[in-house]
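Letter by letter, the chains look like this.
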Amino acid sequence: MSNATPETTLSARNLTRRFSNLEVVHSVSLELKRGEVLGLLGHNGAGKTTTLQMLTGCLLPSDAEQYGCEIDICGISLLHHPAQAKAHIGYLPETPPLYRELSVDDYLTFAARLRGIKTADVAAALAQAKQRCGLEEVGKKTIGTLSKGYQQRVGIAQAIIHSPAVIVLDEPTVGLDPMQIRDVRTLIRELGDNHSVILSTHLLAEVEHVCDRVEIMQQGKLIYSGTSADMMQHGNGKMTLEEVFLDITENHAITENHLTAEPAP
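Because the structure is predicted, anything quoted here is derived from the model rather than measured.

Undergrad: Got a sec to walk through the sheet that holds strand S6 (residues 89-92)? Specific residues and values, please.
TA: Taken in spatial order, the six strands make up an open sheet running S6-S7-S8-S3-S9-S10, and their pairing is mixed. Since the sheet does not close on itself, it has two edges, and those belong to S6 and strand S10 (221-227), each with one partner. Neighbour-to-neighbour, the strand axes of the sheet open up by a mean angle of 15°, direction not taken into account. Here strand S7 (residues 166-170) pairs with strand S8 (residues 196-201) via five bridges, running parallel. Paired with Val166 across the strands is Ser196, a residue of S8. Seen against the sheet, helix H1 (residues 48-55) touches strand S3 (37-41), S6, S7, S8 and strand S9 (213-218) and runs at an angle of roughly 150° to S8. Each of S6 and S7 touches helix H6 (residues 148-160); the most contacted strand, S6, lies at about 160° to it.

Take a look at the structure:
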């Protein structure tokens, strides 16, 4: 990556989301730079998916003005100018939004047109997305006949076909076999060379192999932020990544319980 100061492509402040009386995300703030892969790490139910849904405009924050919530994509307010901001985002939900009865080429052409790519430019965009995702040999095949790993590649291809500045991936390797996981991780790392990538995961190996920086969520709050190297050095470098993660989350839980405990009579 360049030695120049990286461009901020995503900036979010005070993200908060409630469902009924349950607050599942509380005052989350984060930034993403161009050429960076950020891992959003946490146990299942930590609030990762809800956070990503707000960052992509699929879910509105609760009481944005009251909490001072702001989401900027490439300097454009997602809350005030959603169409313009979303043009710079590529999103792969945990369940890829695929039409399994279509061929790969037909589906990606459809995705390109939805993204506003001009008819004259669709073929080039399709060829580039297929090349980057290793789909050149399966363009004529029906999506439903492909392996889960290849379906995941198609999902990533639809997210990048318009060359967005920000790529958001929710659990991109869930359910894949070891070889498929390796291939998808390699693809994500390559995407990070030219885009900003944020991915949610509960797999610690994902952090070690893919991410430049890590944010850990627990019970809807960000409890840790640092580079992957910093996380590896937690505990004087004598702990495994799994031990580091458990140490951070368990110590935070103990602190939270202490702070919220009722005073002794």
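Undergrad: Provide a residue-level description of the state of the cysteines, including the pertinent values.
TA: Inspection of the entire model under this criterion finds zero disulfides. No disulfide involves Cys58; its nearest neighbouring cysteine sulfur is the one of Cys69, lying 15 Å away. Overall, Cys58 belongs to the exposed group, its relative accessible area being 53%. With no disulfide of its own, Cys211 lies closest to Cys133 among cysteine sulfurs, the gap being 18 Å.

Undergrad: Account for the sheet that holds strand S1 (residues 8-19), naming residues and giving values.
TA: If you trace the four strands from one edge of the open sheet to the other, you get S2-S1-S4-S5, paired in antiparallel fashion. Every other strand in the sheet has two partners, leaving strand S2 (22-33) and strand S5 (76-77) as the edge strands with one partner each. Inspection of the sheet shows S1 paired to S2 by eight bridges, in the antiparallel sense. Of the residues in S2, the one forming a bridge with Phe19 is Leu22.

Undergrad: Can you explain unusual backbone geometry? Please cite residues and give values.
TA: Of note in the backbone geometry, Asn14 takes a positive phi value of approximately 60° without being a glycine. With respect to the helices, strands and loops of the structure, Asn14 is situated in strand S1. Overall, Asn14 belongs to the partly exposed group, its relative accessible area being 26%. Located in the positive-phi region is Gln219, a residue other than glycine, with phi close to 50°. By relative accessible area, which is 63% here, Gln219 ends up exposed.

Undergrad: Provide a residue-level description of the pairing of S7, including the pertinent values.
TA: Two faces, one strand: in a regular strand the side chains alternate between the faces of the sheet. For S7, a buried count of five out of five residues is recorded, marking the element as mostly surrounded by other parts of the structure. In S7, alternate side chains face the same way, and those of Val166, Val168 and Asp170 on one face and Ile167 and Leu169 on the other are all buried. Each parallel crossover has a hand, and for S7 linked through helix H7 (residues 178-191) to S8 it is right-handed.

How each quantity is defined
- Residues numbered from 1 in each chain as written.
- Predicted model: local features only at pLDDT ≥ 70, side-chain atom pairs only at ≥ 80, totals over all residues.
- Heavy atoms only, no water.
- Pairing = 2+ DSSP bridges.
- Helix = DSSP H or I, 4+ residues; strand = E, 2+ residues; numbered from the N terminus.
- Axes fitted to C-alpha atoms, helices over the stretch in contact; angles between N-to-C directions.
- Contact = heavy atoms within 4.5 Å.
- Disulfide = S-S within 2.5 Å.
- Buried < 20%, exposed > 50% of the residue type's maximum accessible area, 1.4 Å probe, protein only.
- Right-handed = clockwise from strand over helix to strand, strands pointing away.

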